[in-house]
Amino acid sequence: MEKRKLGRGNLEVSALGLGCMGMSFSYGVVHDENEMISLMHKAVDLGVNFFDTAEVYGPFTNEVLVGKALAPIRDKVVIATKFGFNMKPDGSPGWLGLNSRPEHIKLVADASLKRMNIESIDLFYQHRVDPDVPIEDVAGAVKDLIQAGKVKHFGLSEAGAQTIRRAHAVQPVTALQSEYSLWWRKPEAEILPTLEELGIGMVPYSPLGKGFLTGKMDDTTELGKTDFRSQLPRFSTEARKANQSFVNLLGDIAKQKGATPAQIALAWLLAQKPWIVPIPGTTKLSRLEENIGAASLKLSVADLAEINDAISRVPVEGDRYPEHLEKMTGR
Ligand SMILES: NC(=O)c1ccc[n+]([C@@H]2O[C@H](COP(=O)([O-])OP(=O)(O)OC[C@H]3O[C@@H](n4cnc5c(N)ncnc54)[C@H](OP(=O)(O)O)[C@@H]3O)[C@@H](O)[C@H]2O)c1
């Protein structure tokens, strides 16, 4: 698979990474450990070298799983994880608020390294900006970790443009991981130009719209109570019904291109900038292969114009996050 470079430090990764969250968190199913380990190994065989996890996924269990799969093939992979929350004392899912105090970041780095059984974290993202801690202090803490050899690159997630600039002035930021997809294009206004100016890579999360853009879900799909999407306005039954026309359109475009809707959604992101590296998540080998196919699907300028024109005519129904979660972004 084509390689791409993130940030001025030239972190080289496969054009598509693999989001590992859904293997043990968020979608209400904890998948079989051995199956997920062999899926990650298969991804490496197919050219994927960029894997995404976070302390909060589980919590902790996703990092343990990723470490178990990838520590034995450490030299072949780039491992990204995230800090920034206080976990519940009983280790149950969820968190007790943000915490990016420098001393906490350093404890989390040590704990993540231990859990994954690796010597350094390739890319360490702040998961959400903590309004109680100046970003300069966060960047300073990660700089110390880099100097100590425990971290290689610094990242932010869902940070606002001013925060990105301030952080970058203290410790160069290699990548911003934020939601970006055919149905969430807000980063185009201010964030992408800022990243381009500063030479920071973009890692779009939920590039498949948390599954909806693949056309494999509709308003009849049962979302269990423990499936995070059941809390999202964009996944209410009414919103899914309304958004069906968006996915149908994507299906028509895909048919014309001899591709699948998931491949169009990923190829569209890849075509936006050469420093964009989406991290679709899947727990299934057939879908991993399908998604990887997007890396060799080239969309022409005319294709992109046609897609942009068509999708701009279809309004998307429902907020991506409920208010309390949206408030944690763009700060
Ligand atoms: N920084 C952040 O705040 C943040 C937030 C969310 C996610 N993330 C990261 O981004 C990664 C990806 O995001 P995401 O999981 O939210 O959304 P996503 O990648 O847009 O979608 C994942 C969903 O799509 C399904 N899927 C994947 N490929 C498919 C295909 N070809 N056809 C049909 N269904 C398909 C998956 O189900 P199956 O497993 O059944 O295939 C899963 O339910 C996560 O794993 C995580 O590492 C980061």
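Just so it is clear, the model here is predicted, and its values are computed rather than measured. Each chain carries its own residue numbering, running from 1 in the direction its sequence is written. Reporting in this predicted model follows two pLDDT cut-offs: at least 70 for local features of residues, and 80 or more for side-chain atom pairs to be given and counted; totals over whole chains, interfaces and linings ignore these cut-offs and use all residues. Hydrogens are left out, water is left out, and the side-chain values use all remaining heavy atoms of the structure.

A. Seen up close, the packing of aromatic side chains. Aromatic pairing here means that ring centres of Phe, Tyr or Trp (its six-membered ring) are within 6.5 Å. Orientation follows from the plane angle: under 30 degrees is stacked, over 60 is edge-to-face, and everything else is tilted. The full count for this structure, using the stated rule, is eight aromatic pairs. Summarising the aromatic geometry, the rings of Phe25 and Tyr57 are spaced 5.7 Å apart at their centres and angled 25° between planes, so their arrangement reads as stacked. Here Phe25, found in the loop between strand S3 (18–19) and helix H1 (33–45), pairs with Tyr57, found in the loop between strand S4 (50–52) and helix H2 (61–70); they are 32 residues apart in sequence, far enough to count as distant. Side by side, Phe25 and Tyr57 carry an identical accessibility label, which is buried. Look at Trp183 and Phe235: their rings are 6.0 Å apart centre to centre, the planes differ by 90°, and that puts the pair in the edge-to-face class. Of this pair, Trp183 sits in the loop between strand S8 (173–179) and helix H6 (191–198) while Phe235 is found in the loop between strand S9 (201–205) and helix H7 (237–257), placing the two residues 52 residues apart along the sequence. Residue classification places Trp183 among the buried positions, given a relative accessible area of 4%. Among the residues examined, Phe235 registers a relative accessible area of 4% and is labelled buried. Here the aromatic cluster, defined as three or more aromatic residues joined through ring pairs, consists of Trp183, Phe212 and Phe235. Over the ring of Trp183 we find Arg234, and its NZ or CZ is 4.8 Å from the ring centre. The helix and strand labels rest on DSSP assignments: H or I over at least four residues marks a helix, E over at least two residues marks a strand, and numbering proceeds from the N terminus. Accessible area is worked out with a 1.4 Å probe on protein chains only. A residue is then buried under 20% of its type maximum, exposed over 50%, and partly exposed in between. In this scheme, the term charge over a ring applies when either NZ of a lysine or CZ of an arginine sits within 6 Å of the ring centre and within 35 degrees of the ring normal.

B. Fine view of the site of the ligand. Nearness here has a simple test: a residue counts as near a molecule or strand if at least one of its heavy atoms is within 4 Å of that partner. Residues in contact with the ligand amount to 31 residues; listed here are only the nearest, Asp52, Leu208, Thr282, Thr283 and Lys284. Side-chain atoms alone can form a polar contact between residues adjacent in sequence; in general such a contact is a pair of N or O atoms within 3.5 Å, and within protein one must be able to donate a hydrogen while the other accepts it. Contact between the ligand and Met21: an oxygen atom at 3.2 Å from a main-chain N or O atom of the residue. Within the contact set of the ligand, an oxygen atom lies 3.3 Å away from a backbone nitrogen or oxygen of Gly211. In short, Shrake-Rupley with a 1.4 Å probe defines the accessible areas, and a residue's cover is counted only from the protein chains shown. When the ligand sits alone it has 900 Å² of accessible area, and the protein chains cover 94% of it. With three residues, the top contributor of residues to the shell around the ligand is helix H9 (residues 285–293).

C. Structural context of empty space enclosed by the protein. In the cavity and pocket records, a cavity denotes points on a 1 Å grid over the protein atoms alone where a 1.4 Å probe fits but cannot get out, a pocket denotes an open set with protein on both sides within 12 Å along at least 5 of 7 lines, and lining residues are residues with an atom within 4 Å of a point. Grid points are joined across faces, edges and corners, and a volume is the space filled by probe spheres set on the points. On inspection of all chains with the given rule, the structure shows two cavities of 30 Å³ or more. In this structure, the largest cavity occupies an estimated 50 Å³ of space. Side-chain classes follow a simple rule in which Ala, Val, Leu, Ile, Met, Phe, Trp, Tyr, Cys and Pro form the nonpolar group, Asp, Glu, Lys and Arg form the charged group, and the remainder, Gly included, forms the polar group. The residue inventory of the lining of the largest cavity, partitioned by class, reads six nonpolar, three polar and no charged. Its volume calculated, the second largest cavity comes out at about 40 Å³. If you go around the second largest cavity, the residues you meet are Glu179, Trp183, Gly209, Lys210, Leu232, Arg234, Phe235 and Arg320.

D. Region of the structure containing the nonpolar core. In terms of nonpolar packing, the biggest core is built from 113 residues, with Met40, Phe50 and Phe51 touching the most fellow members. The biggest single contributor to this core is helix H8 (residues 261–272), with eight residues. In what follows, a contact means two residues having at least one pair of non-hydrogen atoms within 4.5 Å. For Phe50, the residues in contact, after removing those within four places along its chain, are Leu6, Val13, Ser14, Gly17, Leu18, Val78, Ala80, Leu123, Tyr125, Val203, Val277 and Ile279. To form a nonpolar core, buried Ala, Val, Leu, Ile, Met, Phe, Trp, Tyr and Cys residues must be joined to one another through side-chain atoms within 4.5 Å.

E. A look at the sheet that holds S9. Pairing between two strands requires that DSSP report at least two bridges joining them. Strand order in the open sheet formed by seven strands is S3-S4-S5-S6-S7-S8-S9, and the pairing between neighbours is parallel. Of all the strands in the sheet, the pair left with one neighbour each is S3 and S9. Judged from the five bridges that link them, strand S6 (residues 121–126) and strand S7 (residues 151–157) form a sheet pairing that is parallel. Bridge pairing in S7 links Phe124 to Phe154. Relative to the sheet, helix H5 (residues 161–170) contacts S7 and S8, its axis offset from that of S8 by approximately 160°. To get an axis, fit a line to the C-alpha atoms, keeping to the stretch in contact for a helix; angles then go from 0 to 180 degrees between the N-to-C directions.

F. Quick look at the side chain of Asp130. Position of Asp130 among the secondary structure elements: in the loop between S6 and helix H4 (135–147). Residues scored as charged are limited to Lys and Arg (positive) and Asp and Glu (negative), so that His and the chain ends carry no count. Salt bridges are defined by distance alone: a side-chain nitrogen of Lys or Arg within 4 Å of a carboxyl oxygen of Asp or Glu. Lacking a salt bridge, the buried Asp130 has Arg101 as its closest oppositely charged neighbour, with an N-O distance of 6.5 Å. Of the polar contacts made by the side chain of Asp130, one reaches the backbone nitrogen of Asp132; its length is 2.9 Å. Not counting chain neighbours up to four residues away, the residues in contact with Asp130 comprise Leu98, Asn99 and Ser100.

G. Molecular detail of the packing of H7 against helix H10 (residues 301–312). Between H7 and H10, the shortest axis-to-axis distance is 10 Å and the interhelical angle comes to 160°. As judged from the angle between their axes, H7 and H10 are roughly antiparallel. Crossing angle aside, the handedness with which H7 passes H10 is right-handed. Along its contact with H7, which presents Phe246, Leu249, Ile253, Gln256 and Lys257, the element H10 presents Asp303, Glu306, Ile307, Ala310 and Ile311. Residue classes in the contact of H7 with H10 are distributed as six nonpolar, one polar and three charged. Put simply, angles under 35 degrees are roughly parallel, angles over 145 are roughly antiparallel, angles from 65 to 115 are roughly perpendicular, and the rest are oblique. Handedness of a crossing is defined here by the sense of rotation of the near helix relative to the far one, left-handed for an anticlockwise turn of less than a right angle and right-handed for a clockwise turn.

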